[in-house]
Amino acid sequence: MNVMLCGDFDAAEAQAWQQALAAAMPEARWWTPAQARAQPAAVQAAVVANPQPGSLQGLPALRLIQSLWAGVDRLLADTTLPAGVPIARMVDPAMNAAMAETALWATLALQRDFFTYARQQRQGRWQQHAQRRADEWPVLVLGQGEMGRTVARALAGMGFPVTGWSRNPGPVDPGVTRIAGDAALRQALPPARVLINLLPLTAQTAGVLDARLFAALPRGAGVVNLARGRHLVDADLLAALACGQVGHAVLDVFHAEPLPADHPFWAHERVTLLPHVAAQTDERSAAAVAVANLRAARDGAPVRHLVDRGRGY
Ligand code: NAP
Ligand code: GLV
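Residues numbered from 1 in each chain as written. Chains lettered and ligands numbered in written order. Predicted model: local features only at pLDDT ≥ 70, side-chain atom pairs only at ≥ 80, totals over all residues. Heavy atoms only, no water.

Q: Explain the domain arrangement of the protein chain here, please?
A: Interface size, as often reported, equals the accessible area lost upon joining of the parts. Partitioning the protein chain into structural domains gives domain 1 (2–92 + 281–299) and domain 2 (94–273). Taking the mean C-alpha position of each, domain 1 and domain 2 sit 32 Å from one another. On the side of domain 2, 7 residues touch domain 1, which itself brings 10 residues to the contact. Contact with domain 2 buries surface across domain 1, with Asp-73, Val-91 and Asp-92 losing the most and accounting together for 59% of the total. The tally of links from domain 1 across to domain 2 stands at 1 salt bridge. Across the pair Asp-73 and Arg-228 runs a salt bridge whose closest N-O atoms are separated by 2.9 Å. Applying the counting criterion to the domain 1 and domain 2 interface returns 5 residue pairs in polar contact (both at pLDDT 80 or more). Residues of the side of domain 1 that touches domain 2, tallied by class, amount to 4 nonpolar, 3 polar and 3 charged. (Domains from an automatic or database assignment. Contact = heavy atoms within 4.5 Å. Buried area = accessible area lost by both parts, 1.4 Å probe. Salt bridge = Lys/Arg side-chain N within 4 Å of Asp/Glu carboxyl O. Polar contact = N/O pair within 3.5 Å; in protein donor to acceptor, adjacent residues only side chain to side chain. Nonpolar A, V, L, I, M, F, W, Y, C, P; charged D, E, K, R; others polar.)

Put into structure tokens, the structure is as follows:
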């Protein structure tokens with residue numbers, strides 16, 4: 001099988017992926033975009049990480065596009081994507097576990113006032129706050145897919161009352177209240193001390209973290225955006241932080257990345273920033289996931305975690 005590897009990697013990342021993929025599938029030929037362009041009719045699959053728009057056109061034998069990213073919003077925004085070629089996204093249990101670690105850290109820090117204590121340390125202020133129990137700190141997780149369910153299960157295991165919201169009703173995990181639809185979301189917002197966003201970015205979910213949603217949360221709630229920057233209306237969050245409606249925000253993703261140096265989030269004392277690292281794709285586990293799908297496509301077997309282009313995830 002001839003596979004093109006292309007994405008927004010730097011040279012070291014490209015080499016690390018090339019090595020990991022070649023080790024997992026030594027029988028394949030692994031081509032850089034330049035090598036693939038020299039013989040486009042021979043390219044049978046592409047392993048991609050947010051490739052430049054247009055990178056996947058003009059490859060007549062292409063039978064699978066395997067994303068190294070879990071979220072495919074940038075990939076699907078490429079209007080030149082070849083129609084009819086299946087797209088699979090990255091689903092890696094190690095990545096789900098990393099996301100659960102990030103969500104646990106953020107939730108614990110919000111529940112136990114650790115972000116407040118970090119701020120007090122910078123001010124040289126010794127002040128104790130009442131200790132809260134996990135079972136009195138409800139958490140609402142938007143999205144109950146691979147990431148959202150893993151996060152919800154981990155939080156439930158720590159004793160938090162967890163509600164998980166998705167488009168459709170789905171499997172119910174122990175300790176997690178599963179809800180679907182807008183009416184159920186409206187009821188779940190007022191008790192939620194922490195809101196964690198793990199939705200895919202689609203036409204329906206863009207801007208979901210807005211003033212209306214913040215107003216429905218209890219005063220001082222924590223907002224944790226681990227999905228995409230465009231889910232959040234930045235100005236609405238800044239206004240909700242200014243009036244105390246949102247107590248603290250943990251943000252991993254932004255409209256523009258890297259976050260521009262003059263963005264007010266950088267210096268905001270009630271915002272904790274991460275540089276899009278909540279769950280990074282790790283070639284040590286993800287290469288095997290990608291290769292399993294490539295082999296399935298080669299052998300005519302079912303490919304896993306296919307993207308539904310119509311719904312956008
Ligand atoms: P997934 O398995 O596709 O799950 C998506 C979930 O969102 C599903 O439960 C789906 O509902 C729900 N959903 C979609 N549209 C909805 C809507 N309009 N209303 C309500 N629920 C809706 O995706 P995943 O693997 O969990 O990943 C989620 C997102 O996390 C990715 O798209 C990516 O943006 C982000 N991510 C971020 C990082 C990071 O490092 N920051 C890393 C990986 C992923 P149904 O179950 O009803 O379909
Ligand atoms: C990271 O944000 C991903 O979608 O994999």
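Q: Explain the sheet that holds strand β5 (residues 87–88) to me, please; I cannot follow it from the model alone.
A: Strand pairing in a sheet takes place through backbone hydrogen bonds and is either antiparallel or parallel in direction. Across the sheet, which stays open at both edges, the 5 strands sit in the order β2-β1-β3-β4-β5 with parallel pairing between neighbours. Here the strands that pair on one side only, and so sit at the sheet edges, are β2 (29–31) and β5. Bridging between strand β4 (residues 64–67) and β5 involves 2 bridges; their strand directions are parallel. Residue pairing in the sheet places Gln-66 in a bridge with Ala-88 of β5. Running over the sheet, helix α10 (residues 283–299) touches β1 (2–7), β2, β3 (45–49), β4 and β5 and is turned about 170° from β4. (Pairing = 2+ DSSP bridges. Helix = DSSP H or I, 4+ residues; strand = E, 2+ residues; numbered from the N terminus. Axes fitted to C-alpha atoms, helices over the stretch in contact; angles between N-to-C directions.)

Q: Explain the site of ligand 2 to me, please; I cannot follow it from the model alone.
A: Residues in close proximity to ligand 2 include Trp-69, Ala-70, Gly-71, Met-95, Arg-228 and His-276, which together make up its full environment. The contact in question runs from an oxygen atom of ligand 2 to an N or O atom on the side chain of His-276, over 2.6 Å. Considered on its own, ligand 2 offers 190 Å² of accessible surface; in the complex 89% of this is hidden by protein. Residues that form the shell around ligand 2 fall into these classes: 3 nonpolar, 2 polar and 1 charged. (Near = heavy atom within 4 Å. Areas by Shrake-Rupley, 256 points an atom, 1.4 Å probe, with all protein chains shown as cover.)

Q: I keep staring at the site of ligand 1 and nothing clicks. Help me out?
A: Around ligand 1 sit 30 residues in total, of which Arg-89, Met-147, Asn-168, Asp-252 and Tyr-313 are the nearest. Contact between ligand 1 and Glu-146: an oxygen atom at 2.9 Å from a main-chain N or O atom of the residue. Met-147 places a main-chain nitrogen or oxygen 2.8 Å from an oxygen atom of ligand 1. Notes on ligand 1: free accessible area 940 Å², of which the protein chains cover 92%. Contributions of two or more residues to the shell around ligand 1 are made by α4 (93–111), α6 (146–157) and β7 (162–166). Here the element with the most residues in the shell around ligand 1 is α6; it accounts for 3 residues.

Q: Honestly, the environment of Arg-309 in this entry has me stumped. Any pointers?
A: As for its placement among the helices and strands, Arg-309 is situated in the segment after α10. Residue classification places Arg-309 among the partly exposed positions, given a relative accessible area of 32%. For the pair formed by Arg-309 and Ile-87, sequence separation is 222 residues and the distance between their alpha carbons is 8.4 Å. Here Arg-309 is in contact with Leu-76, Leu-81, Pro-82, Ala-83, Gly-84, Val-85 and Ile-87, once residues within four sequence places are set aside. (Buried < 20%, exposed > 50% of the residue type's maximum accessible area, 1.4 Å probe, protein only.)

Q: How should the side chain of Gln-245 be read in this particular structure?
A: Looking at the element boundaries, Gln-245 is found in the loop between α9 (234–242) and β11 (246–251). Of the polar contacts made by the side chain of Gln-245, one reaches the backbone oxygen of Leu-217; its length is 2.7 Å. Dropping the residues within four chain positions of it, Gln-245 is found in contact with Phe-214, Ala-215, Leu-217, Pro-218, Arg-219, Gly-220, Ala-221 and Ala-240.

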